[in-house]
Amino acid sequence: MRAEVGDRLHVQGRVVGQSEVTAEVLEVHGEDGGPPYLVRYDNGHEALVFPGSDGWIDHPGKGS
């Protein structure tokens, strides 16, 4: 997983009926765009995260 500042992190809900969670990548702390990432969730909460296999990165404006 690789991200840049401004990308969107998506994390799939873990139980039936739980919505996908999205967040904006504010800082990238790993090498070559890898985690951990400082993100701001859509509700305003900020956290340092190591996304698991249920997460993916969207690169807005970059065709993906």
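Computed from a predicted structure; not experimentally measured.

S.K.: Which parts of the structure should I look at to understand the overall build of the protein?
M.R.: Helices and strands together make up the secondary structure of the protein, namely 0 helices and 5 strands. When the helices and strands of the protein are placed in sequence order, the string is β-β-β-β-β. For 64 residues, the compact-globule estimate of 2.2 N^0.38 gives 11 Å, and the C-alpha radius of gyration of the protein, at 11 Å, lies within 12% of that figure. Among the 64 residues that make up the protein, the fraction classed as buried is 31%. In the protein, the proportion of contacts linking residues at least 24 apart, taken out of those at least 6 apart, comes to 40%. With an accessible surface of roughly 4200 Å², the protein has 49% of that area assigned to carbon and sulfur atoms. Put simply, the protein has 5 plus and 11 minus side-chain charges, and the middle of one group is 1 Å from the middle of the other.

S.K.: In this structure, what is going on with the side chain of Asp7? I would like to understand it.
M.R.: One can find Asp7 in the segment before strand 1 (8-11). Judged by relative accessible area, Asp7 falls into the buried class, the value being 2%. A polar contact is formed between the side chain of Asp7 and the backbone nitrogen of Glu4, at a distance of 2.8 Å.

S.K.: Hey, could you run me through the sheet that holds strand 3 (residues 37-41) in this one?
M.R.: Backbone hydrogen bonds hold the strands of a sheet together, and the pairing may be parallel or antiparallel. In space, the 5 strands of this open sheet follow the order 4-3-2-1-5, with antiparallel pairing throughout. Each of the sheet's edge strands pairs with one partner strand only, and the pair in question is strand 4 (46-49) and strand 5 (55-58). Within the sheet, the average angular offset between the axes of one strand and its neighbour, ignoring direction, is 35 degrees. Where strand 2 (residues 21-28) and strand 3 come together, 5 bridges link them in antiparallel fashion.

S.K.: Can you walk me through the UniProt feature "domain: DUF1918" (unreviewed entry) in the protein in this structure?
M.R.: Using the residue numbers shown here, the UniProt feature "domain: DUF1918" (unreviewed entry) corresponds to residues 1-55. Secondary structure across residues 1-55 divides into 0% helix and 40% strand, with the first and last C-alpha atoms of the span separated by 9 Å.

S.K.: Would you mind showing me how to read the pattern of salt bridges here?
M.R.: Oppositely charged side chains can form a pair if their charged atoms are brought close together. Under the defined criterion, the tally for this structure stands at 2 salt bridges. Notably, a salt bridge pairs Arg8 with Asp42, separated by 2.7 Å at the nearest N-O pair. Remark: Asp42 occurs in the loop between strand 3 and strand 4 and Arg8 occurs in strand 1; sequence separation between them is 34 residues. Of the residues examined, Arg8 reaches a relative accessible area of 22% and is grouped as partly exposed.

Definitions and cut-offs
- Residues numbered from 1 in each chain as written.
- Predicted model: local features only at pLDDT ≥ 70, side-chain atom pairs only at ≥ 80, totals over all residues.
- Heavy atoms only, no water.
- Helix = DSSP H or I, 4+ residues; strand = E, 2+ residues; numbered from the N terminus.
- Rg over C-alpha atoms; globule rule 2.2 N^0.38 Å.
- Buried < 20%, exposed > 50% of the residue type's maximum accessible area, 1.4 Å probe, protein only.
- Contact = heavy atoms within 4.5 Å.
- Areas by Shrake-Rupley, 256 points an atom, 1.4 Å probe, with all protein chains shown as cover.
- Lys, Arg positive; Asp, Glu negative; His and termini not counted.
- Charge placed at Lys NZ, Arg CZ, Asp CG, Glu CD.
- Polar contact = N/O pair within 3.5 Å; in protein donor to acceptor, adjacent residues only side chain to side chain.
- Pairing = 2+ DSSP bridges.
- Axes fitted to C-alpha atoms, helices over the stretch in contact; angles between N-to-C directions.
- UniProt positions renumbered as here; feature names shortened; annotations may be inferred.
- Salt bridge = Lys/Arg side-chain N within 4 Å of Asp/Glu carboxyl O.

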